[in-house]
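Listed below are the residues making up each chain.
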Amino acid sequence: MSVEMSKPVPRPGILDIASYVPGKEHVPGVARVYKLSSNETPLGASPKAIEAFKAAGGDLGRYPDGQAVELREAIAAVHGLNPANILCGNGSDELLGLLCHVYLGAGDEAIITEHGFLVYKIQIMGAGATPVVVREKDYTVDVDAILAAVTEKTKIVFIANPGNPTGTYVPVSEIRRLQAGLPKHVVLVLDAAYAEYVRRNDYEAGIEVVSSNANVVMTRTFSKAYGLAALRVGWMYAPAEIVGALNRVRAPFNLNAAAIAAGAAAIRDQAFVQQAVSFNQMWLETLTQALEAIGLTVTPSVANFVLIHFPDIDGKRAADADELLTSRGYILRAVRSYGFANALRMSVGPEEANRGVIAALTEFMGRNA
């Protein structure tokens, strides 16, 4: 005889998931706050994207295009891809979740790296599968460690390239070596959320690898360099079979009309994107040099943020710096949940915020412990 439960109970494993906690954005009692915790672009969105967003407000009574044809075709035109291999989502987070929903189940495993994006673990566990965490090497994805962790239960491997919160990257030669070493039924997911910012000759976001293999997908986002974080627009480039499988379970109208229109306008305005990338490159170098000059350690980054490591000294730790910075309206991201108990991640912000953080941390490091 079954025992009647007193309330609805989630299936096993759900309550073991640690909820994702976004970066802070408010400081009580501080008039001017600079949010440097979520890797948003300080330049905002292209004026053309904003215009398209506003225009979409004139026809709110109709459902959006469930296939996001305008956006897919715009992405395809800019990157030289077949629109049939592109799937758009409510941010790349939705696409990561769909991959887990379709390719994982109870008894399966998915590999993630020790400092990888937290959403991977959440989605893996949400699908009832087991996340297998492998060590990184010098805060960078270690291909050999991943290959050594593969078992017959492995169904997906998640790689953030560049990494978040590290800002490090894996050369395309290593990505190819990883793909070649994986069983053909294992899906290799290349999360290239920060690809637009990378300026390295040996880096490739994933288009070439996807194009030549049946088990690789690349996810991208409009939330960073394109400045559309508020609209939640992501896309995936993948083999047709994978796109078809995800389309079977995708919500029929997962992107709203304003997101589709603004995304299409944003990706067509590559001149604006290059302005954002150039601004970022200048300040990425300036921040790194300035912070290292005052005695802090900065992990070399190719993205739009820096990971700052603090001394293990009373009064000089990351929590102490965070308290000072927050009191002055500079919100950085504590990254203890990513395995960095004594570090802060700082997004490249507007000039006044960048200079303000440098000045505050210069004062902080000059204080007597």
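Conventions adopted
Residues numbered from 1 in each chain as written. Predicted model: local features only at pLDDT ≥ 70, side-chain atom pairs only at ≥ 80, totals over all residues. Heavy atoms only, no water. Helix = DSSP H or I, 4+ residues; strand = E, 2+ residues; numbered from the N terminus. Buried < 20%, exposed > 50% of the residue type's maximum accessible area, 1.4 Å probe, protein only. UniProt positions renumbered as here; feature names shortened; annotations may be inferred. Contact = heavy atoms within 4.5 Å. Polar contact = N/O pair within 3.5 Å; in protein donor to acceptor, adjacent residues only side chain to side chain. Salt bridge = Lys/Arg side-chain N within 4 Å of Asp/Glu carboxyl O. Pairing = 2+ DSSP bridges. 1 Å grid on protein atoms, 1.4 Å probe; cavity = no way out; pocket = protein on both sides within 12 Å on 5 of 7 lines; lining within 4 Å. Points joined across faces, edges and corners; volume = space filled by probe spheres on them. Nonpolar A, V, L, I, M, F, W, Y, C, P; charged D, E, K, R; others polar. Axes fitted to C-alpha atoms, helices over the stretch in contact; angles between N-to-C directions. Parallel < 35°, antiparallel > 145°, perpendicular 65-115°, else oblique.

1. Side note on unusual backbone geometry
The residue after Asn161, namely Pro162, is reached through a cis peptide bond having omega 5 degrees. Tracing the backbone through its elements, the reader meets Pro162 in the loop between strand 5 (154-160) and helix 6 (172-181). In this model, Asn164 is joined to Pro165 through a cis peptide bond whose omega is 20 degrees. A positive phi is found at Asp138, a non-glycine position, where the angle reads about 55 degrees. Looking at the secondary structure, you find Asp138 in the loop between strand 4 (130-134) and helix 5 (143-149). The phi angle at Arg232 is positive, at roughly 55 degrees, despite the residue not being glycine. For Arg232, the location among the structural elements is in the loop between strand 7 (216-221) and strand 8 (234-237). For Arg232, a relative accessible area of 29% translates into the label partly exposed.

2. Topic: the UniProt feature "modified residue: N6-(pyridoxal phosphate)lysine" (unreviewed entry) in the protein
Cross-referencing UniProt, the feature "modified residue: N6-(pyridoxal phosphate)lysine" (unreviewed entry) maps to Lys224 in the present numbering. By the secondary structure assignment, Lys224 is in the loop between strand 7 and strand 8. Residues in contact with Lys224, not counting those within four places in the same chain, are Ser38, Asn39, Thr41, Ala193, Tyr194 and Tyr197. At a separation of 3.2 Å, a polar atom in the side chain of Lys224 contacts the main-chain carbonyl oxygen of Ser38.

3. Side note on the pattern of salt bridges
One pass over the structure, following the stated rule, counts 14 salt bridges. With its nearest N and O atoms 3.8 Å apart, the salt bridge here joins Arg268 to Glu70. Of this pair, Arg268 sits in helix 9 (residues 257-268) while Glu70 sits in helix 2 (residues 69-79), and the two are 198 residues apart along the sequence. Using a relative accessible area of 36% as the deciding quantity, one classes Glu70 as partly exposed.

4. Details of the UniProt feature "domain: Aminotransferase class I/classII large" (unreviewed entry) in the protein
Sequence positions flagged by UniProt for "domain: Aminotransferase class I/classII large" (unreviewed entry) are, in local numbering, residues 33-360. Taken end to end, residues 33-360 is 40% helix and 17% strand, and its two terminal C-alpha atoms sit 14 Å from one another.

5. Concerning the pairing of strand 13 (residues 343-347)
Burial analysis of strand 13 places 5 of its 5 residues in the buried class, which makes it a mostly covered element. Going residue by residue along strand 13, you find Ala343, Arg345 and Ser347 tucked away on one face and Leu344 and Met346 tucked away on the opposite face as well. Sheet topology note: the strand 10 (residues 305-309)/strand 13 ladder contains 5 bridges and is antiparallel. Bridge pairing links Leu307 to Arg345 in strand 13. Where strand 12 (residues 333-334) lies against strand 13, 2 bridges are found, and the strand directions are antiparallel. Within strand 13, the residue paired with Arg333 across the bridge is Arg345.

6. Re the environment of Ser173
Inspection of the secondary structure assignment puts Ser173 in helix 6. Ser173 sits 31 residues away from Glu204 along the chain, and the two C-alpha atoms are 9.1 Å apart.

7. Looking at empty space enclosed by the protein
As enumerated under the stated definition, the model contains 2 cavities of 30 Å³ or more in all. By volume, the largest cavity is sized at about 70 Å³. What lines the largest cavity is a set of 15 residues, and nearest its centre among them are Glu136, Val141, Ala160, Gly163 and Thr166. Its residues placed into classes, the lining of the largest cavity shows 5 nonpolar, 9 polar and 1 charged. Here the second largest cavity defines a volume of roughly 50 Å³. Glu40, Thr41, Pro42, Leu43, Tyr197, Ala276, Phe279, Asn280, Asn304 and Val348 together form the lining of the second largest cavity.

8. So, the packing of helix 3 (residues 91-103) against helix 8 (residues 240-249)
Helix 8 packs onto helix 3 with a crossing angle of 95 degrees between their chain directions and a minimal axis gap of 10 Å. Classified by the angle between their axes, helix 3 and helix 8 sit roughly perpendicular to one another. On helix 8, the residues touching Leu95, Leu98, Leu99, His101, Val102 and Tyr103 of helix 3 are Glu241, Ile242, Ala245, Leu246 and Val249. Broken down by class, the residue content of the contact of helix 3 with helix 8 amounts to 9 nonpolar, 1 polar and 1 charged.

9. Quick word on the sheet that holds strand 7
Spatially, the 7 strands line up as an open sheet ordered 2-8-7-6-5-3-4, and their pairing is mixed. One side of each edge strand has no neighbouring strand; the edge strands of this open sheet are strand 2 (86-89) and strand 4. Averaged over all adjacent pairs, the angle separating strand axes in this sheet is 20 degrees, with direction ignored. Pairing geometry for strand 3 (residues 109-113) and strand 4, over 5 bridges, is parallel. Within strand 4, the residue paired with Thr113 across the bridge is Val134.

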